[in-house]
Amino acid sequence: MRQAGSYSGILMSGKTGPHLLPLARIKKIMKKSGDGVKMISGESPIVFSKACEMFIGELTQRSWMVTMQGKRRTLNKEDVASAVMATDLFDFLLNLVSEDTFKSS
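Residues numbered from 1 in each chain as written. Predicted model: local features only at pLDDT ≥ 70, side-chain atom pairs only at ≥ 80, totals over all residues. Heavy atoms only, no water.

The protein is annotated in an unreviewed UniProt entry as Transcription factor CBF/NF-Y/archaeal histone domain-containing protein of Hibiscus sabdariffa.

Laid out in structure tokens, this is it:
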């Protein structure tokens with residue numbers, strides 16, 4: 001059985017705290033994701049919000065490492081594309097970062 005994660009208290013404590021991403025927008029995206037999705041519990045967007053925050057943080061950190069290796073101080077789209085291509089975890093994003101990413105700058 002899977003152990004509770006560090007954010008499992010979000011649903012248990014009753015405190016949801018401030019969210020960095022708008023829950024209404026997340027709920028709207030969830031409803032548009034499939035024909036069968038009609039009802040979404042109040043807790044579901046909270047979990048998605050936290051997952052999105054973690055995803056954005058991880059991708060940003062990996063992109064920032066690419067920026068630092070290039071001895072620059074501004075993260076750009078090529079850094080994000082390089083981080084995606086260098087990380088197996090982000091393979092589902094490969095179709096978004098193509099060779100065009102590198103040619104456009």
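1. What about the environment of Glu53?
To keep it simple, the criterion reads: The helix and strand labels rest on DSSP assignments: H or I over at least four residues marks a helix, E over at least two residues marks a strand, and numbering proceeds from the N terminus.
Tracing the backbone shows Glu53 in helix H3 (residues 44-69). The spacing of Glu53 and Leu21 is 32 residues in sequence and 7.8 Å in space, taken between C-alpha atoms.

2. Describing the packing of aromatic side chains
The line we're drawing: Think of it this way: a Phe, Tyr or Trp ring, Trp meaning its six-membered ring, pairs with another when their centres are within 6.5 Å, and the plane angle makes it stacked under 30 degrees, edge-to-face over 60, tilted otherwise. The classification of residues rests on relative accessible area computed with a 1.4 Å probe and restricted to protein chains. Under 20% of the type maximum is buried, over 50% is exposed, and intermediate values are partly exposed.
Applying the stated rule across the entire model yields two aromatic pairs. Pairing Phe55 with Phe90 gives two aromatic rings, centres 5.8 Å apart and planes at 85°, and the pair type is edge-to-face. Of this pair, Phe55 sits in helix H3 while Phe90 sits in the loop between helix H4 (77-86) and helix H5 (99-103), and the two are 35 residues apart along the sequence. On the basis of relative accessible area, Phe55 is assigned to the partly exposed category, the value being 31%. A relative accessible area of 2% places Phe90 in the buried class. Plain terms: the ring middles of Phe55 and Phe92 are 6.1 Å apart, the flat faces sit at 40° to each other, and that makes the pair tilted. You can see Phe55 sitting in helix H3 and its partner Phe92 sitting in the loop between H4 and H5, a full 37 residues away along the chain. An aromatic cluster of at least three residues, connected via ring pairs, comprises Phe55, Phe90 and Phe92.

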